[in-house]
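Now for the letters of each chain:
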Amino acid sequence: MYKIAVLAGDGIGREIVPEAVSTLQLVAQKFNYSFEFQEALVSEDAYEKLGHPLPAETLKICQEANAVLLGAVGSPKMDTLPAELRPERAALLPLRKELGLFANLRPIRVYDSLITASTLKTEVIKDVDIAVFRELTGGLYFGAKKREVLESGGEQAIDTLVYNTEEIIRIARLAFEAARGRRKRLTSVDKANVLESSRLWRETVTALSKEYPDVELTHMYVDNCAMQLVRWPAQFDVIVTENMFGDILTDQASMLTGSLGMLPSASIGGKVALYEPAHGSAPDIAGQNLANPLATILSIALMLRFSFKYNEGAKIIEKAVYKVLKEGYRTADIMSEGLNKVGTTQMGELVRQTIQKL
Ligand code: IPM
Ligand code: MG
């Protein structure tokens, strides 16, 4: 029996998470897996009912679970709160840190049937299959921050970008290992022509590469990588990069797959891993049955594979998603002319019906 903490969070998180949970329940039934779900409050609901975006009891539920499923955090109602109480800084980042989730894996895969949903040309995105390892508990997100009033007038704001050798080695090692199981190519992305932290990053990754002679390591500046991702994305196998660069590059890379609504993620490195779609809470479409639940549903496939080694269950979910797309069902974000437009709940239901038949 595995315990799964379920944190729906804000906005569309409340619509997509139930679809993923129902899908997981169905897969569990089919393969005799045994899960116990425990819901916990985070962000707006948590702040309103318990006084903090990440209450101690939510953190405890996550720490005692075998895996965490998270929807999304971010809400217009909380935008006016002081920075220390905003859910991004008060809930999501501390949750990642407390659980020791130093690596965020974002697999960028292009589904044949979605090739025309991308804003990029078919010949550019065909054959894309990239695994991005984003460092998740260091860098600018977690370095010291400060605001100072200047005597000369105005203010000064400071964010600090810090990385140490050990932090770089542990994420790079995961990326090297992943490359070893794939096409054996690793691109390490930095800004070593300008940033000292990037110089340490590059030196450390280069030193570690001696342990992986079978993996071909390339270093690439982040600005060049942004360009190469839209010029010739098929050149990439595994990418490893620091927190902020990874945040930006993965939103960009998600468009290769057609929509940010297709991109799952696994945050790993600690005892308990956390699975969440790479997209946000999308308040503009929340509550309207419009959101694409597939990134969250694909995130539970990652959960089955990484946390529980239930490969059969992971595969059946991915196969079902593939099939539903092939049959022409689309949520609004990936819709093309002449296909069948469906809402959040219908898309979830279609995936489950397909799983039942597989
Ligand atoms: C992500 C998100 C978060 C991040 C935000 C919501 C703080 O954009 O998971 O990519 O920047 O890490
Ligand atoms: Mg992001």
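That block above? That's the structure.
Structural notes, computed from the coordinates. (Residues numbered from 1 in each chain as written. Chains lettered and ligands numbered in written order. Predicted model: local features only at pLDDT ≥ 70, side-chain atom pairs only at ≥ 80, totals over all residues. Heavy atoms only, no water.)

Take the sheet that holds strand β8 (residues 185-190) next. Across the sheet, which stays open at both edges, the 10 strands sit in the order β2-β1-β3-β12-β11-β4-β5-β10-β8-β9 with mixed pairing between neighbours. Looking along the sheet, the strands with just one partner apiece sit at the ends: β2 (35-39) and β9 (216-221). Taken pair by pair, the neighbouring strands of this sheet meet at an average axis angle of 20°, ignoring direction. Sheet topology note: the strand β11 (residues 264-268)/strand β12 (residues 273-277) ladder contains four bridges and is antiparallel. Paired with S265 across the strands is E276, a residue of β12. Each of β4 (103-109), β5 (129-135), β8, β9, β10 (238-241) and β11 touches helix α6 (residues 165-180); the most contacted strand, β5, lies at about 165° to it. Docked against the sheet, helix α7 (residues 196-208) engages β5, β8, β9 and β10, running at close to 170° with respect to β9. (Pairing = 2+ DSSP bridges. Helix = DSSP H or I, 4+ residues; strand = E, 2+ residues; numbered from the N terminus. Axes fitted to C-alpha atoms, helices over the stretch in contact; angles between N-to-C directions. Contact = heavy atoms within 4.5 Å.)

It is worth spelling out the pattern of salt bridges at this point. What the rule picks out here adds up to 25 salt bridges. Two residues, R96 and E276, come together in a salt bridge whose shortest N-O distance is 3.4 Å. Residue R96 is found in helix α4 (residues 87-98), and its partner E276 is found in strand β12; the two are separated by 180 residues along the sequence. Each member of the pair R96 and E276 is classed as buried. As a salt-bridge pair, D159 and K145 come within 3.5 Å of each other at their nearest N and O atoms. (Salt bridge = Lys/Arg side-chain N within 4 Å of Asp/Glu carboxyl O. Buried < 20%, exposed > 50% of the residue type's maximum accessible area, 1.4 Å probe, protein only.)

Glancing now at helix α10 (residues 294-306). Taking 1.5 Å as the rise per residue, α10 with 13 residues should run 18 Å; its terminal C-alpha atoms sit 18 Å apart, in good agreement. Burial within α10 is extensive, with 11 of its 13 residues counted as buried. Buried within α10 are the following residues: L294, A295, T296, I297, L298, S299, I300, A301, L302, M303 and L304. (Expected span 1.5 Å × (residues − 1).)

The subject of this paragraph is the site of ligand 1. Near ligand 1 the following residues occur: E88, L92, R96, R106, R134, Y141 and D247. Within the contact set of ligand 1, an oxygen atom lies 2.8 Å away from a side-chain nitrogen or oxygen of R96. Take Y141: an N or O atom from its side chain is 2.6 Å from an oxygen atom of ligand 1. Protein contact buries 78% of the 320 Å² of open area that ligand 1 shows by itself. Mapping ligand 1 onto the cavity grids shows that it belongs to the largest pocket. Of all the elements, α4 adds the most residues to the shell around ligand 1, at three residues. (Near = heavy atom within 4 Å. Polar contact = N/O pair within 3.5 Å; in protein donor to acceptor, adjacent residues only side chain to side chain. Areas by Shrake-Rupley, 256 points an atom, 1.4 Å probe, with all protein chains shown as cover. 1 Å grid on protein atoms, 1.4 Å probe; cavity = no way out; pocket = protein on both sides within 12 Å on 5 of 7 lines; lining within 4 Å. Sits in = over half its atoms within 2 Å of the grid points.)

So, on to the pairing of β8. Most of β8 sits out of view: five of its six residues are buried. Here β8 runs beside β9; their pairing, made up of six bridges, is parallel. Looking at the pairing, T187 lines up with T218 of β9. A crossover links β8 with its parallel partner β9, the connecting element being α7, and its sense is right-handed. (Right-handed = clockwise from strand over helix to strand, strands pointing away.)

With that settled, the discussion passes to the packing of aromatic side chains. For the structure shown, the criterion picks out 12 aromatic pairs. A ring pair is formed by F308 and Y310, whose centres lie 6.1 Å apart and whose planes are at 45°; its orientation type is tilted. Y310 gets classed as partly exposed once you look at its relative accessible area, which sits at 21%. Each member of the aromatic cluster is reached from another via a ring pair, and the members are Y2, F31, Y33, F35, F37, F308 and Y310. (Phe/Tyr/Trp six-rings, centres within 6.5 Å; stacked < 30°, edge-to-face > 60°.)

Let us now look at empty space enclosed by the protein. Overall, the coordinates contain one cavity of 30 Å³ or more when judged by the stated rule. Volume-wise, the largest cavity comes out at about 50 Å³. Around the largest cavity, the lining residues are L161, Y163, V189, D190, L195, S197, S198, W201, E242 and F245. Those elements that provide at least two residues to the lining of the largest cavity are β8 and α7. Looking at the lining of the largest cavity residue by residue, the classes come out as six nonpolar, two polar and two charged. (Points joined across faces, edges and corners; volume = space filled by probe spheres on them. Nonpolar A, V, L, I, M, F, W, Y, C, P; charged D, E, K, R; others polar.)

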